[in-house]
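This is what each chain is made of:
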Amino acid sequence: GSIHLNMKYFAFTYDKYMTNQNFSKLFGISPRKNGEKMEQIHFDIGASAQLVLEEILLKMVNHVYEKTKMTNLCLGGGVALNGVANNRILRESPFENIHIPPSPGDAGSAIGCAQYSYYCHFKNERIFSKTSEQIKNNIYVGPDYSNEQIKIFLDKNEIKYDYLEKDLLLQTTAKLISEGNVVGWYQGKMEWGPRALGNRSILADPRNPKMKDILNQKIKHRESFRPFAPSIMEEYVSEYFEMDIPSPYMLMVSPVKKSKDIPAVTHVDGTGRLQSVSKTSNSLYYDLINEFYKITQVPVIINTSMNVMGEPIVNTPEQAYQMIVKTDMDYLVMGNYLVSREK
């Protein structure tokens, strides 16, 4: 049930590279520098490492099941962000239910350790909220900026904008996305975790097969092979993906049933790392996807975090505005304010 990693092939301090000269000698290739062409050997090593990881994780969870006979499994640690492995555990392990928090990496582990100490060591009472599903599953707990604060920023910097009431804002934004525009979506409280889940997001049309390359080249400034997530209305998950459970945190990768309808979010192997969106989890984002669905008959929108490669997800209105300055983003929606790149 445990693992042993042969550190002969790995760097002890991860600076630029995780591997060392022994690894390069073994595989006959030096580490690829940023911007260098991807060769078949890079694909092969990546795919092989992924497969070995999946097999090890399956062995570990099967061992845990044999020891405990429990049917519920919780996963933590940065590896729990590996949606392909998570889906295999869900499908192939004996566990019936799998829970992964929205930030299972180092930051989430720190919170978990604090909670463990608070409840288990100091024996404090656990209080479970039963008021609503939205509170129970809320991951939108970061900083937020009001319409008034956003307006002050826009006016101070003499940035042109249009103010739109909620219904018109949703209809206009959905129409812009359906017409091929790339839209920054900056709303409410920031998400907890490493992935934008509809409040600090860049949105686009998944029907356009060229949109993945457009986003990678003009917005994210990253390698062309990197995919984007489909945000889908929760009730349509099983219609578009081979999955019958919610995936609200983008932690499951599943085969796509209708890849021709959403080519921009379908990986090369026919899968997608989906985010299911419910009315209770994020009502505004859900309503936006629904407006897009009314226009296109596709209940899916491309969602990627509002940042460029190497930078964190934007937090303040100023940081959000810099995205439309530094990239080829077409529109930015901050609260009820619509900013156009052309203006």
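Please read all numbers here as calculations on a predicted model, not as lab measurements.

Caption draft 1: Quick look at the overall build of the protein chain. For the protein chain, the count of helices and strands is 11 helices and 11 strands. A compact globule built from 343 residues should have a C-alpha radius of gyration of about 20 Å, and the protein chain, at 21 Å, falls within 12% of that. Its C-alpha atoms give the protein chain principal-axis dimensions of roughly 60 × 55 × 40 Å. For the protein chain, the proportion of its 343 residues judged to be buried stands at 41%. Contacts spanning at least 24 positions in sequence make up 63% of the contacts within the protein chain whose residues lie at least 6 apart. Carbon and sulfur atoms provide 53% of the accessible area of the protein chain, an area that totals close to 19,300 Å². Across the protein chain, 39 positive and 38 negative side-chain charges occur, with their mean positions spaced 4 Å apart.

Caption draft 2: Layout of the packing of aromatic side chains. A full pass over the atoms with the stated rule returns eight aromatic pairs. Ring centres of Tyr236 and Tyr293 lie 5.1 Å apart, and the angle between their planes is 50°; on these two criteria the pair is classed as tilted. Linking Tyr236 in the loop between strand S6 (229–233) and helix H9 (237–240) with Tyr293 in helix H10 (residues 283–296), this pair joins segments that are 57 residues apart in sequence. Summarising the burial analysis for this pair, Tyr236 and Tyr293 share the class buried. Put simply, the rings of Phe10, Phe23 and Phe27 touch in pairs and so form one group of aromatic residues. Arg200 extends its terminal NZ or CZ atom over the ring of Tyr186, reaching a point 4.1 Å from the ring centre. Above the ring of Tyr240, the side-chain terminus of Lys258 is found at 4.8 Å from the ring centroid.

Caption draft 3: Local environment of the nonpolar core. Judged by nonpolar contacts, the single largest core of 79 residues is most densely connected at Leu215, Met306 and Met329. Of all the elements, H10 adds the most residues to this core, at six residues.

Caption draft 4: Region of interest: the pattern of salt bridges. Summed over the entire model, instances satisfying the criterion amount to 16 salt bridges. Ionic pairing is found between Asp162 and Lys343, a salt bridge with its closest N-O pair at 3.2 Å. Linking Asp162 in strand S3 (residues 162–163) with Lys343 in the segment after strand S11 (337–340), this pair joins segments that are 181 residues apart in sequence. Given the relative accessible area of 56%, Lys343 is considered exposed. When the shortest N-O distance is used, the salt bridge between Glu291 and Lys294 registers 3.2 Å.

Caption draft 5: Quick look at the state of the cysteines. Tallied over the full model, the rule gives zero disulfides. Not engaged in a disulfide, the cysteine Cys74 finds its nearest cysteine sulfur in Cys120; these two sulfurs lie 13 Å apart. Distance from the sulfur of Cys113, which forms no disulfide, to the nearest cysteine sulfur (Cys120) is 11 Å. Here Cys113 falls in the exposed class, since its relative accessible area comes to 53%.

Caption draft 6: Looking closely at the environment of Gly335. Inspection of the secondary structure puts Gly335 in the loop between strand S10 (331–334) and S11. Between the alpha carbons of Gly335 and Tyr145 there is a distance of 8.3 Å; along the sequence they are 190 residues apart. When sequence neighbours within four positions are dropped, the list of residues in contact with Gly335 reads Asn147, Ile150, Leu169, Tyr186 and Gln187.

Caption draft 7: Quick look at a nonpolar patch on the surface. Taken together, the side chains of Ile3, Val52 and Ile56 present a nonpolar region at the surface, about 250 Å² in accessible area. Turning to its location among the elements, Ile56 is positioned in helix H2 (residues 40–68).

Caption draft 8: Region of interest: H2. Compared with an ideal rise of 1.5 Å per residue, which puts 29 residues at 42 Å, H2 spans 42 Å between its outermost C-alpha atoms and is within 8% of the ideal. Burial in H2 covers these residues: Glu54, Leu57, Leu58, Val61 and Tyr65. Those residues of H2 that are buried are in contact with strand S1 (72–74) and helix H3 (83–92). Lys69 sits one or two residues past H2 and shows a positive phi near 60°.

Caption draft 9: Focus on unusual backbone geometry. Within the chain, Glu158 stands out as a residue other than glycine whose phi angle is a positive 55°. The exposed category is assigned to Glu158, whose relative accessible area is 72%. The backbone of Met250 sits at a positive phi, close to 60°, despite the residue not being glycine. Along the chain, Met250 falls in the loop between H9 and strand S7 (252–255). Taking the relative accessible area as the measure of exposure, Met250 reaches 2% and is therefore buried.

Caption draft 10: A look at the sheet that holds S7. With mixed pairing, nine strands are arranged side by side in an open sheet as S3-S11-S10-S4-S5-S9-S6-S8-S7. Looking at strand neighbours, the two that pair on one side only are S3 and S7, the edges of this open sheet. Pairing geometry for strand S4 (residues 183–186) and S10, over four bridges, is parallel. Bridge pairing links Trp185 to Val333 in S10. Here H10 sits on the sheet in contact with S4, strand S5 (200–204), S6, strand S8 (271–277) and strand S9 (300–305), set at roughly 135° to S9. The strands touched by helix H11 (residues 317–326) within the sheet are S4, S5, S10 and S11, with S10 carrying the most contacts at an inclination of about 165°.

Cut-offs and rules
Residues numbered from 1 in each chain as written. Predicted model: local features only at pLDDT ≥ 70, side-chain atom pairs only at ≥ 80, totals over all residues. Heavy atoms only, no water. Helix = DSSP H or I, 4+ residues; strand = E, 2+ residues; numbered from the N terminus. Rg over C-alpha atoms; globule rule 2.2 N^0.38 Å. Buried < 20%, exposed > 50% of the residue type's maximum accessible area, 1.4 Å probe, protein only. Contact = heavy atoms within 4.5 Å. Areas by Shrake-Rupley, 256 points an atom, 1.4 Å probe, with all protein chains shown as cover. Lys, Arg positive; Asp, Glu negative; His and termini not counted. Charge placed at Lys NZ, Arg CZ, Asp CG, Glu CD. Phe/Tyr/Trp six-rings, centres within 6.5 Å; stacked < 30°, edge-to-face > 60°. Lys NZ or Arg CZ within 6 Å of the ring centre and 35° of its normal. Core = buried A, V, L, I, M, F, W, Y, C linked by side-chain atoms within 4.5 Å. Salt bridge = Lys/Arg side-chain N within 4 Å of Asp/Glu carboxyl O. Disulfide = S-S within 2.5 Å. Patch = residues over 30% accessible without salt bridge, like charges linked within 9 Å, V, L, I, M, F, W, Y side chains within 5 Å. Expected span 1.5 Å × (residues − 1). Pairing = 2+ DSSP bridges. Axes fitted to C-alpha atoms, helices over the stretch in contact; angles between N-to-C directions.

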